[in-house]
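What follows is each chain in one-letter form.
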Amino acid sequence: MAVESVKAKINGQTYTLTREGSTNQWKGTITAPEQSSFNESGGYYPVEITAEDDAGNTKTINPDNTEDPDIDLELVVKEKVAPVITILEPTSGQKTANKRQKVIFTVTDNDSGVDEDTITLQLAGETYHVSSFVKQSVSGGYRYEYTPAKDLPDDEYTATVNASDNDGNAAAAKSVQFEVYAAAPTLSVISPTDNLVTNQNTVQYQATTNGATLEVRVNGQPQTVSLQGGTATGTLTLQEGTNTIVSTATSETGVETELTRIVKVDTQEPVIEAVELSKNPADTGDAIVITVTVTD
């Protein structure tokens, strides 16, 4: 008797092999599956071989029934596409007043999957692993969120994420730079002085600040001031009576510093209501007491 045919079956695809001359070897070219075998049962694709002789007798072997340990019927397939890292927060160049700025990122891999043991976040000189993150499943991987356990001092920071898939493909590291700036801006109002009393309906304003913006309101009404090089100038419009001037400096990250000045406007002349002379007429050389009643 003689072998008539040999076939190999892998991942549902059957390949017919060709005898090598007059030898007992049969060969063929197969195409490896497009997906990694990592998620297959046992981590491999089973190979099934069926041989048939010219009498119609067949023999089929696969990983479940082969008795020869030297026969390799387990095809391991590894992908070559690295996972994808996307940093969602903070954005590049972001400035924040939040001393515990979250770092939110995703790692996805649509084949062998994300190897969570390889995921790291480097921030402020420390390296953090999955156990430090809040995790949420997303399509093809995970979304991770890290919140610093203690306040970050005002400074510039770089957050760097690394990850690999289960077939050992390392993703290109992703980094984002951001700045923590939680300090309140400085603010000094030079003019007007507090509790100033004036008979003018306007007053010159001058202040210095390292804030990004400066808002000035008189009795709740916005005033126009120019802020250049850290110095603000302008002319404020006042009303008769007590005026409350509120200056608010705001940093790039939204932190505010507020100062209040009180200015009183009095444009009414005094009213002389009465003048009384103790003697009138008086003798030469007499001492005369003059009494004046004045209101304002």
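Note that the structure is predicted; figures quoted are calculated from it, not measured.

K.L.:
Can you explain the packing of aromatic side chains? Please cite residues and give values.
P.N.:
The tally for this structure, following the rule as stated, stands at seven aromatic pairs. Grouping aromatic residues by their ring pairs yields a cluster made of Phe105, Tyr128, Phe133, Tyr142, Tyr144 and Tyr146. Residue placement shows Lys135 over the ring face of Tyr142; its charged tip is 4.7 Å from the ring centre.

K.L.:
Give a detailed account of the sheet that holds strand S24 (residues 241-250), specifying residues and quantitative values.
P.N.:
Strand order in the open sheet formed by five strands is S18-S25-S24-S20-S21, with mixed pairing between adjacent strands. Each end of this open sheet is capped by a strand with a single partner; those strands are strand S18 (196-198) and strand S21 (221-222). Note: S18 against strand S25 (residues 256-265), three bridges, orientation parallel. Across the sheet, residue Thr198 finds its bridge partner in S25, namely Val265.

K.L.:
Explain the nonpolar core to me, and be specific about the residues and the numbers.
P.N.:
Formed by 21 residues in total, the largest nonpolar core has its most connected members in Phe105, Val107 and Ile119. Of all the secondary structure elements, the ones that give two or more residues to this core are strand S8 (84-89), strand S10 (103-108), strand S11 (114-123), strand S14 (141-146), strand S15 (155-165) and strand S16 (174-180). Residues Leu187, Val216, Val225 and Ala249 belong to the second largest nonpolar core, which totals 16 residues.

K.L.:
How would you sum up the environment of Lys135? Please name residues and give values.
P.N.:
Topologically, Lys135 is positioned in strand S13 (residues 134-138). Once the C-alpha coordinates of Lys135 and Thr18 are considered, the two residues, 117 residues apart in sequence, prove to be 52 Å apart. Here Lys135 is in contact with Glu116, Tyr142, Arg143 and Tyr144, once residues within four sequence places are set aside. Here the side chain of Lys135 touches Glu116 through a polar contact of 3.1 Å, side chain to side chain.

K.L.:
Please provide a residue-by-residue account of the environment of Ile61, values included.
P.N.:
Relative to the helices and strands, Ile61 is located in strand S6 (residues 58-61). With a relative accessible area of 18%, Ile61 lands in the buried category. A sequence separation of 51 residues divides Ile61 from Ser112, and the C-alpha atoms of the two residues are 27 Å apart. Once you skip the residues sitting within four places of it in the chain, Ile61 turns out to touch Val47, Glu48, Ile49, Ile71 and Leu73.

K.L.:
An account of the layout of surface pockets is requested, with residue identities and associated values reported.
P.N.:
As a volume, the largest pocket reaches approximately 180 Å³. As for the largest pocket, its lining consists of Leu123, Ala124, Glu126, Tyr128, Tyr146, Pro148, Ala149, Lys150, Asp151, Leu152, Pro153 and Tyr157. Looking at the lining of the largest pocket residue by residue, the classes come out as nine nonpolar, no polar and three charged.

K.L.:
Any chance you could break down the pairing of S15 for me, citing the residues and the numbers?
P.N.:
For a regular strand, the rule is simple: side chains alternate between the two faces of the sheet. Sheet topology places S11 next to S15; five bridges connect them, and they run antiparallel. Considered in S15, the bridge of Asp115 is made with Ser164. The pairing of S15 with S16 spans seven bridges and is classified as antiparallel. Across the sheet, Tyr157 pairs through a bridge with Phe178, a residue of S16.

K.L.:
Outline the pairing of strand S26 (residues 271-277), listing residues and values.
P.N.:
Within S26, only zero of the seven residues are buried, leaving the element largely exposed. Where S26 meets strand S27 (residues 290-295), six bridges bridge the pair, whose relative direction is antiparallel. When the sheet's bridge partners are listed, Val275 is paired in S27 with Val292.

K.L.:
Talk me through the environment of Val134; I want residue IDs and the actual numbers.
P.N.:
In this structure, Val134 sits in strand S13. Note on Val134: relative accessible area 57%, which makes it exposed. Separated by eleven residues in the primary sequence, Val134 and Glu145 place their C-alpha atoms 5.0 Å from one another. Apart from residues no more than four positions distant in its own chain, Val134 is found in contact with Arg143, Tyr144 and Glu145.

K.L.:
Mind laying out the sheet that holds strand S23 (residues 231-237), listing which residues take part and the relevant values?
P.N.:
Strand order in this open sheet of four strands is S17-S19-S23-S22, and the pairing throughout is antiparallel. The open sheet has two edge strands, strand S17 (187-191) and strand S22 (225-228), and neither has a second partner. Mean inter-strand twist for the sheet, computed between neighbouring axes without regard to direction, equals 20°. Two strands pair when backbone bridges link them, and strand S19 (residues 202-209) and S23 are joined in this way by seven bridges, in the antiparallel orientation. Note that in S23 the partner of Gln204 across the bridge is Thr235.

K.L.:
Lay out unusual backbone geometry in plain terms, naming residues and giving numbers.
P.N.:
Of the consecutive residues Glu89 and Pro90, the connecting peptide bond is found in the cis state with omega at 0°. One can find Pro90 in the loop between S8 and strand S9 (94-96). Asn280 connects to Pro281 through a cis peptide bond whose omega is 5°. Within the element layout of this structure, Pro281 appears in the loop between S26 and S27. If you check the backbone angles, Asn11 has positive phi at about 55° while not being a glycine.

Rules used throughout
Residues numbered from 1 in each chain as written. Predicted model: local features only at pLDDT ≥ 70, side-chain atom pairs only at ≥ 80, totals over all residues. Heavy atoms only, no water. Phe/Tyr/Trp six-rings, centres within 6.5 Å; stacked < 30°, edge-to-face > 60°. Lys NZ or Arg CZ within 6 Å of the ring centre and 35° of its normal. Pairing = 2+ DSSP bridges. Helix = DSSP H or I, 4+ residues; strand = E, 2+ residues; numbered from the N terminus. Core = buried A, V, L, I, M, F, W, Y, C linked by side-chain atoms within 4.5 Å. Buried < 20%, exposed > 50% of the residue type's maximum accessible area, 1.4 Å probe, protein only. Contact = heavy atoms within 4.5 Å. Polar contact = N/O pair within 3.5 Å; in protein donor to acceptor, adjacent residues only side chain to side chain. 1 Å grid on protein atoms, 1.4 Å probe; cavity = no way out; pocket = protein on both sides within 12 Å on 5 of 7 lines; lining within 4 Å. Points joined across faces, edges and corners; volume = space filled by probe spheres on them. Nonpolar A, V, L, I, M, F, W, Y, C, P; charged D, E, K, R; others polar. Axes fitted to C-alpha atoms, helices over the stretch in contact; angles between N-to-C directions.

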